Amino acid sequence: MNTAVAPSSPLTAADRCDRCGAQAYLRVELQTGGELLFCAHHAREHGDKIKQIAAAVTDDTHKLSER
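Counting restarts for each chain, with residues numbered from 1 along the sequence as it is written. At least 70 in pLDDT is required for a residue's local features to be given in this predicted model, at least 80 for side-chain atom pairs to be given and counted, and no such filter applies to totals for whole chains, interfaces and linings, which use all residues. Computation of side-chain values: all heavy atoms of the structure, hydrogens and water removed.

Peer 1: Is there a simple way to think about the side chain of Arg27 in this case?
Peer 2: The helix count covers DSSP runs of H or I at least four residues long, the strand count covers runs of E at least two residues long, and both are numbered beginning at the N terminus. Within the secondary structure, Arg27 sits in strand S1 (residues 26-30). The exposure class assigned to Arg27 is buried, which follows from its relative accessible area of 3%. Counting of polar contacts relies on pairs of N or O atoms within 3.5 Å, with two restrictions inside protein: one atom must be capable of donating a hydrogen and the other of accepting it, and residues adjacent in sequence are counted only when both atoms are side-chain atoms. For Arg27, the side chain forms a polar contact with the side chain of Glu35, separated by 3.0 Å. What makes two residues a contact is simply this: any of their non-hydrogen atoms within 4.5 Å. Contact partners of Arg27, with chain neighbours within four places excluded, come to Ser8, Ser9, Pro10, Leu11, Asp15, Glu35, Leu36, Leu37, Ala56, Val57 and Thr58. Summary of the burial criterion: residues with accessible area below 20% of their type's maximum are buried, those above 50% are exposed, and those between are partly exposed, where the area comes from a 1.4 Å probe applied to protein chains only.

Peer 1: I would appreciate a short explanation of the pattern of salt bridges in the present structure.
Peer 2: Salt bridge, as used here, is a side-chain nitrogen of Lys or Arg placed within 4 Å of a carboxyl oxygen of Asp or Glu. Applying the stated criterion across every chain yields a total of 2 salt bridges. Salt-bridge contacts for Arg27 lead to Glu35; the nearest nitrogen and oxygen are separated by 3.0 Å. The partner of Lys63 in a salt bridge is Asp60, and the shortest N-O contact between them spans 3.6 Å.

Peer 1: Would you take a moment to explain the sheet that holds S1 for this structure?
Peer 2: Hydrogen bonds between backbone atoms are what pair the strands of a sheet, whose relative direction is either parallel or antiparallel. Should DSSP find at least two bridges between two strands, the strands are taken to pair. Pairing is antiparallel in the open sheet, where 3 strands are placed in the order S2-S1-S3. The open sheet has two free edges, formed respectively by strand S2 (35-38) and strand S3 (54-59), since each of these has just one partner strand. When the angles between neighbouring strand axes are averaged without regard to direction, this sheet yields 15°. Sheet analysis places S1 next to S3, joined by 5 bridges and oriented antiparallel. Residue pairing in the sheet places Val28 in a bridge with Val57 of S3. Structural elements are reduced to axes, namely lines fitted to C-alpha atoms, with helices fitted over the stretch in contact, and the angle between N-to-C directions of any two is expressed from 0 to 180 degrees.

Peer 1: I would appreciate a short explanation of the pairing of S1 in the present structure.
Peer 2: Looking down a regular strand, the side chains alternate between one sheet face and the other. Within S1, 4 of the 5 residues are buried, leaving the element largely enclosed by the surrounding structure. Here 4 bridges tie S1 to S2, and the two strands are oriented antiparallel to one another. Bridge pairing in S2 links Arg27 to Leu37. The hairpin formed by S1 and S2 contains 4 residues between the paired strands, and Gly33 there has a positive phi angle of roughly 100°.

Peer 1: It is not clear to me how the nonpolar core should be interpreted in this structure. Could you clarify?
Peer 2: Within the largest apolar cluster, 7 residues are counted, these being Leu26, Val28, Leu30, Phe38, Ala43, Ile50 and Ala54. For this core, the leading source of residues is S1, giving 3 residues. Among the buried residues, those of types Ala, Val, Leu, Ile, Met, Phe, Trp, Tyr and Cys that are joined through side-chain atoms within 4.5 Å form a nonpolar core.

Here is the structure:
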């Protein structure tokens, strides 16, 4: 049996961190289903735990240093 997974939509300025409400730059798709959004600060702070629970991660933190 194959299960199709819909691709995640790109992160936008409307996506907010679940911890503090700042703009989200990291989407974590959980192994158990669902997702969490993090700003760059909280993504760094919780990075080790995120790696343990993530099925997939969209990391747009590079956009913070683009000009």
